[in-house]
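# Structural overview
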Amino acid sequence: MVRRMKLHIGGEEAKSGWKILNIVDESYVDFVGSCVDLSKFEEASVDEIYASHVFEHLSYQCELSTAISECHRALRNRGHLYVSVPNLGVLCQMFVSDAITDKQRWKLMRIMFGGQSNEYDFHKVGLIEPFLRKYLTNAGFTSIERVEEFDLFDDTSKMRLGPHLISLNIIATK
């Protein structure tokens, strides 16, 4: 019998039924490692993968497509990948708006480029829905659905600046 699991990539919040993979070794982390290499997880051994505000930390030339392909490989058939990334289109529109303050622009800039609080907190790619769909399709995902929120974890996938949701939230099915 194959033991299956739910994997939270980059997670910081322990939740029943979910295992956390994080690049930083902390007490709440079940597996230490990078989402670019999921070889510690057998093919088709994971029911669901959740990655909120993780993929923007990867290079768009190689790391991002490798990570998404690794997720596809590890997921069982009809398994779900929940992806949340900063929506660069929304952030750019907000950034150039005359209706915001410099303090709000500073916050937007940090969302676009990462908080830069440690060596991992830098963003290497900006994504909009067509770009993310292309990466997911190229990796073999067959169903890609944009959603408002996942309601799985209390994290930046739900973050709003004023009335604006700053995240692009996608459910991709293998």
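A few points on the structure. Because the structure is a prediction, the values reported are computed rather than measured.

## Section: the overall build of the protein chain
Assigned secondary structure in the protein chain consists of 4 helices and 9 strands. Secondary structure elements of the protein chain, listed N to C terminal, follow the sequence β-β-β-β-α-β-α-α-α-β-β-β-β. By its C-alpha atoms, the protein chain is 60 × 35 × 30 Å across when sized along the principal axes. For the protein chain, with 174 residues in total, the buried portion stands at 44%. When contacts within the protein chain are restricted to residue pairs at least 6 apart in sequence, those whose partners lie at least 24 apart make up 66%. Of the roughly 9500 Å² that the protein chain leaves accessible, carbon and sulfur atoms contribute 50%.

## Here we look at the packing of helix H1 (residues 63-74) against helix H4 (residues 129-139)
In contact at an axis separation of 9 Å, H1 and H4 are set at 50° when each is read in the N-to-C sense. Viewed along their axes, H1 and H4 adopt a mutual orientation that is oblique. Crossing geometry of H1 relative to H4 is assigned as right-handed. Across the interface between the two elements, Leu64, Ser65, Ile68, Ser69 and His72 from H1 touch Leu132, Tyr135, Leu136 and Ala139 from H4. A breakdown of the residues in the contact of H1 with H4 according to their chemical character gives 6 nonpolar, 3 polar and no charged.

## Focus: unusual backbone geometry
One non-glycine residue, Ala44, lies in the positive phi region at around 60°. Considering the arrangement of structural elements, one finds Ala44 in the loop between strand E3 (31-32) and strand E4 (46-52). The class of Ala44 is partly exposed, set by a relative accessible area of 27%. Here His53, not a glycine, exhibits a phi torsion of approximately 55°, which is positive. With respect to the helices and strands, the residue His53 is situated in the loop between E4 and H1.

## Digging into the sheet that holds E3
Here 7 strands make up an open sheet; going across it, the order is E3-E2-E1-E4-E5-E9-E6 and the pairing mixed. Both edges of this open sheet fall to E3 and strand E6 (143-147), since each of them pairs with a single strand only. Bridging between strand E1 (residues 5-9) and E4 involves 5 bridges; their strand directions are parallel. The residue of E4 that forms the bridge with His8 is Tyr50.

## Focus on the pairing of strand E9 (residues 167-173)
One face of the sheet, then the other: side chains in a regular strand alternate in exactly this way. The buried fraction of E9 amounts to 7 of the 7 residues, a majority that puts the element mostly inside the structure. Burial along E9 is two-sided: Ser167, Asn169, Ile171 and Thr173 facing one way and Leu168, Ile170 and Ala172 facing the other are all buried. In the sheet, strand E5 (residues 75-86) pairs with E9 via 7 bridges, with the strands oriented antiparallel. What sits directly across from Ser84, in E9, is Asn169. As paired strands, E6 and E9 are joined by 5 bridges and run antiparallel to one another. Within E9, the position partnered with Val147 by the bridge is Asn169.

Parameters and conventions
- Residues numbered from 1 in each chain as written.
- Predicted model: local features only at pLDDT ≥ 70, side-chain atom pairs only at ≥ 80, totals over all residues.
- Heavy atoms only, no water.
- Helix = DSSP H or I, 4+ residues; strand = E, 2+ residues; numbered from the N terminus.
- Buried < 20%, exposed > 50% of the residue type's maximum accessible area, 1.4 Å probe, protein only.
- Contact = heavy atoms within 4.5 Å.
- Areas by Shrake-Rupley, 256 points an atom, 1.4 Å probe, with all protein chains shown as cover.
- Axes fitted to C-alpha atoms, helices over the stretch in contact; angles between N-to-C directions.
- Parallel < 35°, antiparallel > 145°, perpendicular 65-115°, else oblique.
- Left-handed = near helix turned anticlockwise from the far one by under 90°.
- Nonpolar A, V, L, I, M, F, W, Y, C, P; charged D, E, K, R; others polar.
- Pairing = 2+ DSSP bridges.

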